[in-house]
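Below are the chains, spelled out letter by letter.
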Amino acid sequence: MVSRIVYGRGSFGQLNEILAPERKNERAPFIYLIDSIFKTNDNIISKISLSYDDYLIFISSEEEPKVSQVDLLVEDIILNTKAIPSGIIGIGGGTLMDLAKAVALMLTNNGSSEEYQGWDLVKNPAVYHLGVPTISGTGAEVSRTTVLNGAKMKLGINSDFTPFDQVILDPDLTEGVPNEQWFYTGMDCFIHCVEALNGHFINTFSQSYGEMAYALCKEVFLSDLKHQEKQNKLMMASWHGGMSIAYSQVGVAHALSYGLSFVLGIKHGIGNCIVFNQLQSFYPKDVLLFRQMMGRHNIQLPRGVCENLSDAQFDDMIDIALRLEPLWENAVGKDWKQTISRELIKELYRKM
Ligand code: NAD
Ligand code: ZN
């Protein structure tokens, strides 16, 4: 679990006092990984006070995090610093949350981040890492994974050392997220809840978080709340949804959207929506609810995304989806291989 949390509008202002006691010495800097969209955002940048060798790295979230990107960042940091950093601070959406977690892990673990994709392969604790989400939905701020695209697959580094040591939840920072992006990333949370709550791995611990997040999502996306109230509630929904899947598992939407992401570069939030819209046979009641939410917020999903794919590309997507065995087992049950065929998956992809 995340060890420490502060929540509140304006709480980002406490960043410097939260970090101060974590500084190891003058040679060990804090390094900030920040979504480049905030380069000229004074509201965020002016609140960061740099001392000694601290520095900022602006990173585009145009593409989802890659193993090679993490390895390069770590190499760069090692070359540029006199000592192992005091901490890594990630500021942004799921992309930046995952990069910060992965870089913090790889500063204390040898080799390439690719070697640690999977479950519980990390050997050493990460350097101190602090997360500041600026868009709500992925739950990456609370989860015990960091999802990376590698040469062969998209897979998380799942470990007890992955979660942040500290998170600052400040709903003010989500001001300015464009409507479509707000919807797609928010739906990631809704889909986490649906997949966790309807999965075979569900347990009371996970269910209680999932139900809370599911109810908050319904409020945010289907009722008339004030703008700030929506920001507050979606941030907490993201947190609870993340907690729910951390102790259960996601399902069919995530399995298929990992394929879309790997082969077509379609990002997680929108990819999940494109997939989920075709999953009536798995999640009938919630797909209807999802379409109601889309209508209410004037969302038009792209269509025909798999139209021009070659057989080889379909095969790649299907391979990626099927390799995520725990997701299928959660969604369908132990005997999932009896009902989930390559043909069925291809048919679903074709409909998207
Ligand atoms: P993102 O981080 O890519 O951000 C989406 C867009 O919103 C970007 O263009 C970004 O610049 C913009 N943005 C963010 N905050 C903003 C703000 N306050 N104002 C204006 N624009 C803002 O997207 P995401 O949906 O948050 O994250 C997706 C990533 O999260 C994927 O890489 C996915 O694999 C990962 N993910 C991780 C976990 C996990 O548990 N580790 C879970 C789900 C998803
Ligand atoms: Zn997700």
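Since we're looking at a predicted model, the values are computed, not measured. Per chain, the residues get numbers from 1 upward, laid out in the order the sequence is written. Going through the entries in the order they are written, you letter the chains from A and number the ligands from 1. Only residues with pLDDT of at least 70 are given local features in this predicted model, and only at 80 or more are side-chain atom pairs given and counted; all residues enter the totals for whole chains, interfaces and linings. In computing side-chain properties, one takes all heavy atoms of the structure into account and sets aside hydrogens as well as water.

**Q** For the coordination of the zinc ion (ligand 2), give the residues involved together with the corresponding values.
**A** Binding of the zinc ion (ligand 2) to the protein goes through D188 (OD), H192 (NE2), H254 (NE2) and H268 (NE2), at separations of 2.1 to 2.2 Å. Metal donors were taken as nitrogen, oxygen and sulfur atoms no farther than 2.8 Å from the ion, or 3.2 Å where the ion is Na, K or Ca. Water is excluded, so coordination may look unfinished. Here the metal geometry follows the donor angles, with tetrahedral for four donors whose angles all fall between 85 and 135 degrees, square planar for four and octahedral for six when opposite donors are more than 155 degrees apart and every other angle is between 65 and 115, and irregular for all the rest. Taken together, the four donor atoms coordinating the zinc ion (ligand 2) and their angles of 88 to 169° define a geometry best described as irregular. Motif for the zinc ion (ligand 2), donor spacing along one chain: D-x3-H-x61-H-x13-H. On the criterion of sequence distance, the pair formed by D188 in helix α5 (residues 179–197) and H268 in helix α9 (residues 268–276) is long-range, its members being 80 residues apart. Buried means the residue's accessible area, taken with a 1.4 Å probe over protein chains only, is under 20% of the maximum for its type, while exposed means over 50%, and partly exposed covers the values in between. On the basis of relative accessibility, which here comes to 2%, the residue D188 falls in the buried class. Judged by its relative accessible area of 16%, H268 falls in the buried class. Each helix is a run of DSSP H or I of at least 4 residues and each strand a run of E of at least 2, with the numbering of both proceeding from the N terminus.

**Q** Account for the confidence of the model for the protein chain, naming residues and giving values.
**A** A residue's pLDDT is the confidence the predictor assigns to it, expressed on a 0 to 100 scale. Mean pLDDT for the protein chain: 97, with 100% of residues reaching 70 or above. Averaged pLDDT values over the elements of the protein chain bottom out at 90 in strand β5 (residues 118–119) and peak at 99 in strand β6 (residues 129–133).

**Q** Before we move on, can you summarise the site of ligand 1 with the specific residues and values?
**A** Residues are counted as near a molecule or strand when any one of their heavy atoms sits within 4 Å of it. With respect to spatial proximity, 28 residues lie near ligand 1, and among them T95, D98, S143, T185 and K267 are the closest. Within the side chain of T134, one N or O atom sits 2.8 Å away from a nitrogen atom of ligand 1. For this analysis, a polar contact is any N or O atom pair within 3.5 Å, provided that within protein one partner can donate a hydrogen and the other can accept it, and provided that sequence-adjacent residues contribute only side-chain to side-chain pairs. The separation between an oxygen atom of ligand 1 and a polar side-chain atom of K267 is 2.7 Å. Method for areas: the Shrake-Rupley scheme with a 1.4 Å probe, in which residue coverage is limited to the protein chains shown. Coverage of ligand 1 by the protein amounts to 92% of the 870 Å² it exposes when considered alone. Elements that contribute at least two residues to the shell around ligand 1 include exactly α4 (94–106) and α5. Any residue outside Ala, Val, Leu, Ile, Met, Phe, Trp, Tyr, Cys, Pro, Asp, Glu, Lys and Arg is labelled polar, Gly included; the first ten of those are nonpolar and the last four are charged. Among the residues forming the shell around ligand 1, the class breakdown is nine nonpolar, twelve polar and seven charged.

**Q** Got a sec to walk through the pairing of strand β2 (residues 30–35)? Specific residues and values, please.
**A** Among the six residues that make up β2, six are buried, leaving the element largely enclosed by the rest of the structure. Along β2, one buried face is formed by F30, Y32 and I34 and the opposite face, lined by I31, L33 and D35, is buried too. When DSSP finds two or more bridges between two strands, those strands count as paired. Of the strand pairs in this sheet, β2 and strand β4 (residues 87–92) are connected by five bridges, and their pairing is parallel. Each bridged residue has a counterpart across the sheet, and for L33 the counterpart in β4 is G90.

**Q** Can you break down the sheet that holds strand β7 (residues 147–149) residue by residue, with the values?
**A** Spatially, β5-β8-β7 is the arrangement adopted by the three strands of the open sheet, whose pairing is mixed. If you trace the sheet from one side to the other, it starts and ends with β5 and β7, each paired once. Examined bridge by bridge, β7 and strand β8 (residues 154–158) share three bridges and lie antiparallel to one another. For L148, the partnering residue across the bridge sits in β8 and is L155.

**Q** Can you explain the pattern of salt bridges? Please cite residues and give values.
**A** Pairs can form between side chains of opposite charge whenever their charged atoms are close. For this document, the term salt bridge refers to a Lys or Arg side-chain nitrogen within 4 Å of an Asp or Glu carboxyl oxygen. Here the structure, examined in full by the defined rule, presents 16 salt bridges. We note a salt bridge from R350 to E347, for which the minimum N-O separation is 3.1 Å. One end of the pair, R350, and the other, E347, are both in helix α13 (residues 342–351), three residues apart, so they sit about a helical turn from each other. Given a relative accessible area of 37%, E347 falls into the partly exposed group. Sharing partners across several salt bridges, the network here consists of D120, R144 and D160.

**Q** Help me get a handle on the layout of surface pockets, residues and values and all.
**A** Considered as a void within the structure, the second largest pocket measures approximately 190 Å³ in volume. Around the second largest pocket, the lining residues are I135, S136, T174, G176, V177, W182, H227, K230, Q231 and L234. Here the lining of the second largest pocket gets four residues from one element, more than from any other, and that element is helix α7 (residues 227–246). A class-by-class count of the residues in the lining of the second largest pocket yields four nonpolar, five polar and one charged. Here a cavity is any set of points on a 1 Å grid over the protein atoms alone where a 1.4 Å probe fits but cannot get out, and a pocket is any open set with protein on both sides within 12 Å along at least 5 of 7 lines; a residue lines the site when it has an atom within 4 Å of a point. Grid points are joined across faces, edges and corners, and a volume is the space filled by probe spheres set on the points.

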